[in-house]
Amino acid sequence: RTEALVLLRANFPGTGWEPPPPVAPAVYEDWCELPDSHEVLPALWARHQLADQVRAFLRRQWGIGAGVAERFGLRFCVHGRHAWRVIIPVVMGGKLVAFQARSYRGAEPKYLTSKHGKRGEPGTECGRPAEAILFNLDAIMEGSDVVLVEGVGDAMRWNQVTGLGGRSGAEDSGRCGWVEGGR
């Protein structure tokens, strides 16, 4: 990049073009409020009338069981903006910063991302915009290999299949981390 800039300046002097100044990294207020929802825990499967639908969806769509659902803190909603959706918390730097909500009953759009804004503003659910979140980032250990997959379901499926990574098990995953890179 530097060589190209030197070449352009040498061949086109006096054009007045200068590279833009460096941009400081964005700073976000890391907060998130999950919608009113139910935990997806093995003990809960039998106690909630919709648990069978959610469990079937998780197995059919992503091939994951209750253990992985618990590890990632999955939840499900039955009313409000996120009704009939699995809530997938996004943790970065050990803090809950956002969430995605995936329909398990065919509603469109399939995914909803938490609405960002300042805490206390009507309708806001978190402080980070969607382009500033990366699911399972905390599973990456320094010096480890990384597998970038398309979505959160793929990342959770990778954990189910390999046993590597995972929000609460990052210290056990020194060989490989994986993150969701789609939007």
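Look up: the structure comes first, before these words.
Bear in mind that the values here come from a model prediction, so they are computed numbers and not experimental data.

Definitions and cut-offs
Counting restarts for each chain: residues are numbered from 1 in the order of the written sequence. Note on the predicted model: pLDDT of at least 70 is required for a residue's local features to be given, and 80 or more for side-chain atom pairs to be given and counted; whole-chain, interface and lining totals, by contrast, use all residues. Heavy atoms throughout the structure, all of them, feed into the side-chain values; hydrogens and water do not. The term salt bridge refers to a pairing of a side-chain nitrogen on Lys or Arg with a carboxyl oxygen on Asp or Glu at a separation within 4 Å. Working definition: helices are DSSP H or I runs of at least four residues, strands are E runs of at least two. Numbering for both runs from the N terminus. For the purposes of this section, nonpolar cores are sets of buried Ala, Val, Leu, Ile, Met, Phe, Trp, Tyr and Cys residues that join through side-chain atoms within 4.5 Å. Buried means the residue's accessible area, taken with a 1.4 Å probe over protein chains only, is under 20% of the maximum for its type, while exposed means over 50%, and partly exposed covers the values in between. Following DSSP output, two strands are said to pair if at least two bridges run between them. For Phe, Tyr and Trp, rings pair up if their centres lie within 6.5 Å, where Trp contributes its six-membered ring, and each pair is then called stacked (planes under 30 degrees apart), edge-to-face (over 60) or tilted (otherwise). Here, over-ring charges are defined by two tests on the NZ atom of lysine or the CZ atom of arginine: distance to the ring centre within 6 Å, and angle to the ring normal within 35 degrees. Two residues qualify as a contact provided that any one of their heavy atoms is within 4.5 Å of a heavy atom in the partner residue. Each direction from the helix axis to a C-beta atom contributes to the arc, which is the arc of those directions.

Undergrad: Can you walk me through the pattern of salt bridges in this structure?
TA: Two side chains that carry opposite charge are able to pair once their charged atoms sit near each other. Here the structure, examined in full by the defined rule, presents three salt bridges. In this structure, R128 and D30 form a salt bridge, with 2.7 Å as the shortest nitrogen-oxygen distance. Of this pair, R128 sits in the loop between β5 (111–113) and β6 (145–149) while D30 sits in the loop between α1 (2–11) and β1 (38–39), placing them 98 residues apart in sequence.

Undergrad: What's the story with the nonpolar core in this structure? I'm lost.
TA: The tendency in soluble globular proteins is for nonpolar side chains to be buried side by side. Core analysis: the largest hydrophobic core is formed by 32 residues, its most contacted members being L58, L74, V86, F135 and M156. Every element with two or more residues in this core is listed here: α3 (51–62), α4 (66–71), β2 (75–77), β3 (85–92), β4 (95–103) and α5 (152–162). A total of five residues in this core trace back to one element, the largest contributor, which is β3.

Undergrad: When you look at the sheet that holds β2 in this model, what are you seeing that I'm missing?
TA: Through backbone hydrogen bonds, the strands of a sheet pair up, either in parallel or in antiparallel fashion. The strand order across the open sheet formed by five strands is β1-β2-β3-β4-β5, and the pairing between neighbours is antiparallel. Edge strands, defined here as strands with exactly one partner in the open sheet, are β1 and β5. Bridge analysis of β4 against β5 gives three bridges, and the strand direction is antiparallel. Following the sheet pairing, A101 is matched in β5 by L112.

Undergrad: Could you clarify how one ought to interpret the packing of aromatic side chains in this entry?
TA: Each aromatic ring pair is characterised by the separation of its centres together with the angle its planes make. Scanning all chains against the criterion turns up three aromatic pairs. A ring pair is formed by F57 and W62, whose centres lie 5.5 Å apart and whose planes are at 70°; its orientation type is edge-to-face. Classification of W62 as buried rests on a relative accessible area of 6%. Through successive ring pairs, a cluster of aromatic residues spans F57, W62 and Y104. Stacked on the ring of Y111, the Lys or Arg R102 has its end atom at 5.4 Å from the ring centre. It is R105 that lies over the ring of W84; its NZ or CZ is 3.8 Å from the centre.

Undergrad: I keep staring at the environment of H116 and nothing clicks. Help me out?
TA: Looking at the secondary structure, you find H116 in the loop between β5 and β6. H116 sits in the partly exposed class, given a relative accessible area of 47%. In this structure the C-alpha to C-alpha distance between H116 and P129, which are 13 residues apart in sequence, comes to 5.3 Å. Beyond its immediate stretch of four places on either side in the chain, H116 contacts T124, C126, G127, R128 and P129.

Undergrad: Help me understand α5, please; the structure alone is not making it clear to me.
TA: The α-helix winds at 3.6 residues per turn, so residues separated by three or four positions along the chain end up facing the same way. Of all the positions in α5, only V152, G153, A155, M156 and N159 are classed as buried. The buried residues of α5 occupy an angular sector of 165° when the element is viewed end-on, so they sit on one face.

Undergrad: What's the story with the pairing of β4 in this structure? I'm lost.
TA: Here β4 lies mainly inside the structure; seven of its nine residues are buried. In the sheet, β3 pairs with β4 via eight bridges, with the strands oriented antiparallel. Note on β4: the bridge partner recorded for M92 is K95. Between β3 and β4, which pair antiparallel and follow one another directly, the connecting turn spans two residues, one of which, G93, has a positive phi of 60°.

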